[in-house]
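Per-entry structural report
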Amino acid sequence: MRAFCCTALKFSIPTNSLNFSSKFFPFLIYRSESSNTHIPELTFNDYQLLSLLSQRRFRDARNLLDEMPERSVRLIVYWTSLLTKFSRNGFVDEAEVLFDIMPERNIVTYNAMLSGFLHCGMLGEAMKLFDEMPERNVVSWTSMMCGLADAGRIFEAIRLFEEMPERNVVSWNAMIAGLIRNGGLEYARAVFDESPLKNVVSWNTVIAGYAEKGRMEEARALFDEMEDKNVITWTSMVSGYCRTGKVEEGYSLFLKTPKKNVVSWTAMIGGFTWNGLYEDALLLFLEMEKSFDITPNVETFISLAYAFAGLGIRRLSKQLHTRVISTGLECDDYDGRLLKSLIYMYSSLGFMDYARYKFNQNSNCSVQSCNYMINGYIRSGQLDKARNLFDTTPIRDEITWTSMIDGYFSVGNAAEACNLFHHMPEKDAVAWTTMISGHVQNELLSEAMFLFTQMLDQGVSPLGSTFATLLGAVGAVASLDQGTQLHGLLVKMLLENDLILENSLISMYAKCGEIQIAYKLFSQMNSRDLISWNSMIMGFSHHGLANEALKVFEAMLDSGTFPNSVTFLGVLSACSHGGLINQWWELFNAMIDIYAIQPSLEHYICMVNLLGRAGKLNEAEELILKLPMELNHAIWGALLGLCSFSEKNSEIAERAATRILEMDPLNAPAHVLLCNVYAANGRHIEEHKLRKEMGSKGVKKIPGCSWIVLNGRTSVFLSGDKMEAETTKMLSLLFHFVDESQLSTVA
């Protein structure tokens, strides 16, 4: 920017004229509108002098200076003031020329030039000037020390601090702040403790340093020790607690803050937002609005944009954007963060036209904004637009590639997802995990396992989510061998306990039939969440262990964990399988009356199973007909399946099957079950007619399937398959039809 300003000035002023050219005024107007570099504090004469200095016309500059009305002020004071104005506003080259031609300088002049160099990042020039200064004071030393610290040269800053002939409170505070910025928090604390001069800035700097690092115990100890706290002190603590996830502690301090300003309110609103408490963020903002002396700033609206995206209330987004426009804050978005938050809000809520409009407003949108757009297009089902943006964006990162890969998996296009992954320049653990998860979602388990081995071969360490995805997949197909291998690798690679992984292991072993191993892992857990309890309850329920499921449920309540609808589905299913009718009704009533959980269709299916197993099929049918919700074929299928166990319920079976076939005329299980009911009741004519009807419709029952994994090879057996020699050997070994020594003779 500095080089551009100087060049523009040189072309704006004719070299043969001392007077200001009229062409310069349009230039000033243009600059004030586009880059906001028109400086109101500079006078007309100052701009004339600035132009001459930029052209190196020293004699003309000196003559102009002698003619200025400000000449009545003591010359060195005026020149030094002008030098400061130039350097502070980016015209450091002109300030340096002015400094060079000044016939008289004092230490204030030298300090002004030193600060100008440091302000513009010209550390080398600043160090040279510092060495050449005829005299230095505490301001000179402190300025140079800050410049070195800002440049990351902290050891040189420390050496300079130690060499300072005198120090004031600003020097001590600058050293503390410099150490904290460069990662030396412990050294900063030592300097703070050693400092004989402490003020509120000293305390706030160290407290903020601890808070930013999440070390809230040390921050709180200093906070409690500090006598004269101000709003910055309180706000630093509030932000620190929220940053570490301790929102309740942060909010407690926020309420105690004696005098809140917009920064305090915004810190708490942001704390709620970043911790996912979006409704609390909105309510606090509304409370802030009642304080007539508080006006939201850019940071407030940034936090609210992310909060509104999380809330998912679409109408609020436009109201927020309207408020931003009406307050004129879009013009203050110097770093583009407000624009980015609006793009995120609109794309998250599916307003892709609005998001694209904001995206197109800035040709230099960040890669993060581009990723927001791509994810928004994918979520709204516009994969082609997401791909178009992906192909045209000049900057991509791992998230960009991974988002597109995940997008293709979401529509079942695994081939294109693999093609993108193949061309991805750098593949991180998240990208590999996305590929593995995508294959699992598309029921390509063997390909997912192969990708996992490739990931390990490439030296990429799996994430916890990588293992969780694979454990869920092998549990779904009951592949115990692969599950135990993953468990062994997990123990070897990941030292720290992960609650998600522990839950995945419990679920995997339970689904693979090893319920005792699942319970052993569950018993060894240091902490449990709702998913842990539900996984164990469901595991016992699926194995028909009703009493064990109920014991885990009681232990869950004793631990203070509140059940949800999944919990009750597990215990109700357990009671249904175990025939525990009284316990079933007690739990069902408690779910509604005590825990205020409304039963879903799955809970009523469980009730139908309970009544059916008790021989009360008429009551089960009446219950279904009275349900205050839309029914699907699942609940009628449950009733039809129960009818097949009895020879006396063919009429109920016919009504249930009719309901199912109305919804799904080609439903094979319904046809087969009804045929079985007819056969059980000796109604062979109806059975024959129904089977003939199945043939004319083309209805085919999917055959039953079993499989076995042997030496890494999966062998599948379908109902009706002919026995081959190799199959006979495996089945003989499994069911001990023959001794292992006789296998060689079986052909």
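In this text, all values refer to a predicted model and were calculated from it rather than measured experimentally.

Focus: the overall build of the protein
Across its full length, the protein carries 43 helices and two strands. Counting over 747 residues, the protein shows a buried share of 46%. Total accessible area on the protein stands at roughly 39,400 Å², and carbon and sulfur atoms take up 53% of it.

Quick notes on helix 26 (residues 414–423)
All buried positions along helix 26 are accounted for by Ala414, Ala417, Leu420 and Phe421. Summarising the axial view, the buried residues of helix 26 lie within an arc of 125°, below the 170-degree limit, and thus occupy one face. Of the exposed residues in helix 26, the ones pointing more than 90 degrees away from its buried face are Ala415, His422 and His423. In this structure, the buried residues of helix 26 make contact with helix 24 (383–392), helix 25 (398–410) and helix 27 (429–441).

What to know about the nonpolar core
If you look at soluble globular proteins, the nonpolar side chains tend to sit buried side by side. Met345, Met404, Val608, Ile635 and Leu639 are the most contacted members of the largest nonpolar core, which has 207 residues in total. Excluding residues that lie within four positions of it along the chain, Met404 makes contacts with Ile374, Ile378, Leu383, Ala386, Arg387, Phe390 and Leu420.

A few points about unusual backbone geometry
Even without being glycine, Glu443 reaches a positive phi, approximately 60°. With respect to the element layout, Glu443 can be found in the loop between helix 27 and helix 28 (445–457). Positive phi outside glycine occurs at Ala596, with the angle close to 55°. Mapped onto the fold, Ala596 is located in the loop between helix 36 (581–593) and helix 37 (601–613).

Let's talk about helix 35 (residues 565–578)
Given a rise of 1.5 Å per residue, 14 residues ought to cover 20 Å, and the 20 Å separating the end C-alpha atoms of helix 35 matches this to within 8%. Of all the residues in helix 35, the buried ones are Thr567, Phe568, Gly570, Val571, Leu572, Ser573, Ala574, Cys575 and Ser576. A side-chain oxygen of the first residue of helix 35 lies 3.2 Å from the backbone nitrogen of Val566; this N-cap is Asn564.

Section: the packing of aromatic side chains
Each aromatic ring pair is described using two quantities: the centre-to-centre distance and the angle formed by the ring planes. This model, assessed by the stated rule, comprises 26 aromatic pairs. With 5.4 Å between their ring centres and 85° between their planes, Phe130 and Trp141 make a pair best called edge-to-face. With Phe130 in helix 8 (residues 123–132) and Trp141 in helix 9 (residues 138–150), this residue pair connects regions lying 11 residues apart in the sequence. Look at Trp141 and you get buried, because its relative accessible area is 9%. Aromatic side chains Phe452 and Phe467 sit 5.7 Å apart centroid to centroid with 75° between the ring planes, which places their arrangement in the edge-to-face category. In this pair, Phe452 is assigned in helix 28 and Phe467 in helix 29 (residues 464–476), connecting sequence segments 15 residues apart. Classification of Phe467 as buried rests on a relative accessible area of 0%. Counting every residue linked through ring pairs, the aromatic cluster contains Tyr251, Phe254, Trp265 and Phe272. Here Arg167 stacks its cationic end above the ring of Phe161, 4.1 Å away from the centre of that ring. For the cation-ring pair, Arg528 lies above Trp533, with the distance from its terminal atom to the ring centre recorded as 5.3 Å.

As for the packing of helix 28 against helix 30 (residues 480–493)
At their nearest, the axes of helix 28 and helix 30 sit 14 Å apart, and the two run at 25° to each other. Between helix 28 and helix 30, the interaxial angle falls into the category roughly parallel. Relative to helix 30, helix 28 is oriented so that their crossing is left-handed. Contacts between helix 28 and helix 30 involve Leu445, Met449, Phe452 and Leu456 from the first element and Gln482, Leu486, Leu489 and Met493 from the second. Residues that form the contact of helix 28 with helix 30 fall into these classes: seven nonpolar, one polar and no charged.

So, the pattern of salt bridges
Evaluated as defined, the whole model comprises 15 salt bridges. Here Glu186 makes a salt bridge to Arg215, at a shortest N to O gap of 2.6 Å. You can see Glu186 sitting in helix 12 (residues 185–194) and its partner Arg215 sitting in the loop between helix 13 (200–212) and helix 14 (216–225), a full 29 residues away along the chain. Among the residues examined, Glu186 registers a relative accessible area of 46% and is labelled partly exposed. Note that Glu218 and Arg215 form a salt bridge whose closest N and O atoms lie 3.0 Å from each other. A residue is classified by how much of its surface remains accessible, and Arg215, at 26% relative accessible area, is partly exposed. Connected via shared salt-bridge partners are Glu186, Arg215 and Glu218.

Here we look at the packing of helix 37 against helix 38 (residues 617–626)
Remark: helix 37 packs on helix 38, axes separated minimally by 8 Å, with the N-to-C direction vectors making an angle of 160°. Taken together, helix 37 and helix 38 sit at an angle that is classed as roughly antiparallel. The two elements helix 37 and helix 38 meet at a crossing, and its hand is right-handed. Note on element contacts: helix 38 touches helix 37 through Leu617, Glu619, Ala620, Leu623 and Ile624, opposite Tyr604, Met607, Val608, Leu611 and Gly612. Looking at side-chain class alone, the contact of helix 37 with helix 38 contains eight nonpolar, one polar and one charged residues.

A short note on the side chain of Lys358
For Lys358, the position within the fold is in helix 22 (residues 352–361). A relative accessible area of 3% places Lys358 in the buried class. Ignoring anything within four residues of it in the chain, the contact list for Lys358 reads His321, Glu330, Leu339, Leu342, Ile343 and Tyr346.

Things to note about the side chain of His439
In this fold, His439 is placed in helix 27. Take His439: its relative accessible area is 5%, and that puts it in the buried class. Reaching out from His439, the side chain makes a polar contact with the backbone oxygen of Met435 at a distance of 2.8 Å. Every residue in contact with His439, bar those within four places of it in the chain, is listed here: Phe409, Cys418, Leu444, Glu447, Ala448 and Leu451.

A look at the environment of Val77
Relative to the helices and strands, Val77 is located in helix 5 (residues 75–88). Considering only alpha carbons, one finds Val77 and Thr109, 32 residues apart in sequence, at a separation of 8.4 Å.

Quick word on the confidence of the model for the protein
Mean pLDDT for the protein: 83, with 83% of residues reaching 70 or above. Here helix 2 (residues 24–34) stands out as the element of the protein with the lowest mean pLDDT, 31, in contrast to helix 26, whose mean of 96 is the highest. Contacts of residues 1–40 to residues separated by more than four positions or lying in other chains number 57 contacts, the stretch itself having pLDDT below 50. Scored below 50 in pLDDT, residues 740–747 shows eight contacts in the model against residues more than four places distant or in partner chains.

Conventions and cut-offs
- Residues numbered from 1 in each chain as written.
- Predicted model: local features only at pLDDT ≥ 70, side-chain atom pairs only at ≥ 80, totals over all residues.
- Heavy atoms only, no water.
- Helix = DSSP H or I, 4+ residues; strand = E, 2+ residues; numbered from the N terminus.
- Buried < 20%, exposed > 50% of the residue type's maximum accessible area, 1.4 Å probe, protein only.
- Areas by Shrake-Rupley, 256 points an atom, 1.4 Å probe, with all protein chains shown as cover.
- Arc of directions from axis to C-beta.
- Contact = heavy atoms within 4.5 Å.
- Core = buried A, V, L, I, M, F, W, Y, C linked by side-chain atoms within 4.5 Å.
- Expected span 1.5 Å × (residues − 1).
- Polar contact = N/O pair within 3.5 Å; in protein donor to acceptor, adjacent residues only side chain to side chain.
- Phe/Tyr/Trp six-rings, centres within 6.5 Å; stacked < 30°, edge-to-face > 60°.
- Lys NZ or Arg CZ within 6 Å of the ring centre and 35° of its normal.
- Axes fitted to C-alpha atoms, helices over the stretch in contact; angles between N-to-C directions.
- Parallel < 35°, antiparallel > 145°, perpendicular 65-115°, else oblique.
- Left-handed = near helix turned anticlockwise from the far one by under 90°.
- Nonpolar A, V, L, I, M, F, W, Y, C, P; charged D, E, K, R; others polar.
- Salt bridge = Lys/Arg side-chain N within 4 Å of Asp/Glu carboxyl O.
- pLDDT = per-residue confidence, 0-100.

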